Amino acid sequence: SSSSSSSLMWFRKGLRVHDNPALERAARGSASVYPVFVIDPHYMKPDPAAFSPGSSRAGVNRIRFLLESLRDLDCSLRRIGSRLLVLKGEPSEVIIKCLKEWDVRKLCFEFDTEQYYQALDNKVKGFASAVGIEIFSPVTHTLFDPADIIKKNGGKAPLSYQSFIKLAGNPPWNESPLSTGPTSIPPVGDLGCCEVCDVPTLQELGYYDVEQEEEFPFQGGESVALRQLNEALSNKAWVAEFEKPKGDPTAFRKPATTVLSPYLKFGCLSSRYFYQRLQDLYKSAKKHSSPPVSLLGQLLWRDFFYTVAFDTRNFDQMKGNKICKQIPWNNDEALLVAWREGRTGYPWIDAIMTQLHRWGWMHHLARHCVACFLTRGDLFIHWEKGRDVFERLLIDSDWALNNGNWLWLSCSSFFYQYHRIYSPITFGKKYDPNGNYIRHFLPVLKEMPKEFIYEPWKAPLSVQKKAGCIIGKDYPEPVVCHDSASKECKRKLAEAYALNQRMNGLVTEEDLKKLR
Ligand code: FAD
């Protein structure tokens, strides 16, 4: 009977107890519940050949954030009579082995729209359904089920935010309050011969020589996420008036946005819970901002990109991606490395890239500036290259959002005003004329006078000497001249757009070669 049977709760994202229907279903009517997380060596194994500490797929800051999130989840599960079981190996093999060994009758896990998980889950679901195991896999990572939206739109994803909003309407779960989590769950059963361990430390994973950045400000886990959400929402006026393009991207001690993205990425925070809390707050506010600029509007951007990503074949590449303009990007390894390592000679760009390496989080507009600079603004390098660097280093690195935003910023999709280019000199200056952000992340420029902090190559040699920073020696010369580089970029984009138009998108590799 079902009351004497066991269930397996497979955690991947959704690293939380609140609003976790998969966990609640696993707990219901089972004699024992096995809460499992599988450490995938493919994702976690140190890669000494990578350009910075971490695995080939993730920088060490995100791996640390994940381990902290798992430790927090383990604590929460222990409070309600269970624990987190950590296993290592290729996830589908490990899960199938557990299902057999523990005689599981019910398998519960959050549905994942990412291609990587789709493939993985199909293997596991194939086995489970063949042997008659019940599967429960709810869509709880996003506000809406992307498949529903696509269906409502006649079988294809809406490609504009406004049409997405119109289709989406009120989410179906929004009628009653979401669960704050089960108060107890059935105990873990006999572990048999499955090799289970505690949440490992970075050292145990083989990261011997990495230390935590002294001032690293973000800690993983559901507890921190909920605390941070409460803190953000306690400033009611700030939330009610929130308008995205208005924030200060140079504010780093107290960022201008919520910094909830890494928690949403790993599901330490439920986006649905966030949404309900925002609606409650709006109800009691005299007036409030609206999508796309409001805070609730930001969550809808997230769902918008998830929906398009779910529906678009080859969403993460230019070739074979029907929503992506074909553009003859250059392939210049030296320029790419200069950008990646924060050595472009433009302090605004280099400071942002340094923040990426050290913190794994930057303000949205800061991301805009470096993404534009790499692609259509200055260096004319392929957005896929920049995407790769972000994908590895961001602590909120998210397949749908990262690719969607790179498509946007490179004017490959969604947004096409390629003549609007961010100046790497004047944009940051508007917010931070003294260059405090630059001085913090690029201490080599700490003593540079204010009038030269955004363009240090213009400082007379005597000034450079006094500031202890000789351009070309202590800090690089600009890798390109922004004025001429951005003009050239616009010309190439105009040409590529014209060709895309003529060919109705069917541009070949040969055509692109001719444009190069
Ligand atoms: P808030 O302004 O407080 O917004 C709340 C939440 O809304 C965010 O946590 C996020 O989940 C969502 N959101 C906000 N802006 C966007 C957006 N433009 N698109 C989709 N969702 C959004 N965000 C990621 O979470 N992961 C990524 O890998 C990622 N890559 C990006 C790459 C580029 C080139 C650019 C320009 C943006 C990228 N973003 C990404 C989107 C955005 O910059 C971040 O979500 C945001 O800055 C996170 O800070 P926050 O939590 O304080 O945002």
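First, a word on scope: everything that follows refers to the structure included in this document.

Quick notes on the rules
Residues numbered from 1 in each chain as written. Predicted model: local features only at pLDDT ≥ 70, side-chain atom pairs only at ≥ 80, totals over all residues. Helix = DSSP H or I, 4+ residues; strand = E, 2+ residues; numbered from the N terminus. Rg over C-alpha atoms; globule rule 2.2 N^0.38 Å. Buried ≥ 20, exposed ≤ 12 C-beta atoms within 10 Å, placed from the backbone. Contact = placed C-beta atoms within 7 Å. Core = buried A, V, L, I, M, F, W, Y, C linked by C-beta atoms within 7 Å. Near = placed C-beta within 6 Å. Pairing = 2+ DSSP bridges. Right-handed = clockwise from strand over helix to strand, strands pointing away. Axes fitted to C-alpha atoms, helices over the stretch in contact; angles between N-to-C directions. Expected span 1.5 Å × (residues − 1). Parallel < 35°, antiparallel > 145°, perpendicular 65-115°, else oblique. Left-handed = near helix turned anticlockwise from the far one by under 90°. Nonpolar A, V, L, I, M, F, W, Y, C, P; charged D, E, K, R; others polar.

**Some details on the overall build of the chain**
Phase 1 of the analysis: Assigned secondary structure in the chain consists of 22 helices and five strands.
Phase 2 of the analysis: Compactness check: the chain gives a C-alpha radius of gyration of 24 Å against a globular reference of 24 Å for 516 residues, within 12% of the reference.
Phase 3 of the analysis: Within the chain, the fraction of its 516 residues that count as buried is 45%.
Phase 4 of the analysis: Long-range pairs, those at least 24 residues apart, make up 76% of the contacts in the chain between residues at least 6 apart in sequence.

**What to know about the nonpolar core**
Phase 1 of the analysis: In this structure, Leu 8, Met 9, Tyr 34, Val 36, Ile 352, Cys 369 and Val 370 are the most contacted members of the largest nonpolar core, which totals 133 residues.
Phase 2 of the analysis: The element contributing the most residues to this core is helix 12 (residues 295-311), with ten residues.

**Quick word on the site of the ligand**
Phase 1 of the analysis: Surrounding the ligand, one finds 27 residues, the nearest of these being Thr 257, Thr 258, Ser 261, Gln 298 and Asn 402.
Phase 2 of the analysis: Going through the elements one at a time, helix 10 (261-265), helix 12, helix 15 (364-377) and helix 17 (399-409) are the ones with two or more residues in the shell around the ligand.

**Some words on the pairing of strand 4 (residues 104-108)**
Phase 1 of the analysis: Among the five residues of strand 4, five are classified as buried, and the element is accordingly described as predominantly covered.
Phase 2 of the analysis: Sheet analysis places strand 1 (residues 6-11) next to strand 4, joined by four bridges and oriented parallel. Note that in strand 4 the partner of Ser 6 across the bridge is Val 104.
Phase 3 of the analysis: With helix 5 (residues 115-130) bridging strand 4 and the parallel strand 5 (residues 134-136), this β-α-β connection has right-handed handedness.

**Some thoughts on the environment of Phe 216**
Phase 1 of the analysis: For Phe 216, the position within the fold is in the loop between helix 7 (161-168) and helix 8 (222-234).
Phase 2 of the analysis: With 16 C-beta atoms counted inside 10 Å, the residue Phe 216 sits in the partly exposed group.
Phase 3 of the analysis: Phe 216 sits 155 residues away from Asn 61 along the chain, and the two C-alpha atoms are 8.8 Å apart.
Phase 4 of the analysis: Apart from residues no more than four positions distant in its own chain, Phe 216 is found in contact with Asn 61 and Trp 359.

**Overview of the sheet that holds strand 4**
Phase 1 of the analysis: Strands sit in the order 3-2-1-4-5 across an open sheet of five strands; the sheet is parallel. Strand pairing shows two members of the sheet lacking a second neighbour, strand 3 (85-88) and strand 5, which therefore form its edges. Strand-to-strand twist of the sheet, defined as the mean angle between neighbouring strand axes without regard to direction, takes the value 30°.

**Quick look at helix 5**
Phase 1 of the analysis: Helix length check: helix 5 (16 residues) gives 23 Å between terminal C-alpha atoms against 22 Å at 1.5 Å per residue, within 8%.
Phase 2 of the analysis: Those residues of helix 5 that fall on the buried side of the exposure criterion are Asp 121, Val 124 and Ala 128.
Phase 3 of the analysis: Taken together, the buried residues of helix 5 touch helix 4 (91-101), strand 4 and strand 5.

**Regarding helix 21 (residues 482-502)**
Phase 1 of the analysis: Spanning 21 residues, helix 21 covers 30 Å between terminal C-alpha atoms, matching the ideal 30 Å at 1.5 Å per step.
Phase 2 of the analysis: On its buried face, helix 21 sits against helix 15 and helix 22 (509-515).
Phase 3 of the analysis: Following helix 21 by one or two positions, Asn 504 has its phi on the positive side, about 55°.

**So, the packing of helix 14 (residues 347-359) against helix 15**
Phase 1 of the analysis: In the contact formed by helix 14 and helix 15, the axes pass within 10 Å of each other and the chain directions differ by 115°. As the angle between them shows, helix 14 and helix 15 are arranged roughly perpendicular. Viewed along their axes, helix 14 and helix 15 form a crossing whose handedness is left-handed. Contact residues: helix 14 offers Trp 348, Ile 349, Ile 352 and Met 353, while helix 15 offers Ala 366, Cys 369, Val 370 and Phe 373.
Phase 2 of the analysis: Of the residues in the contact of helix 14 with helix 15, the class split is eight nonpolar, no polar and no charged.

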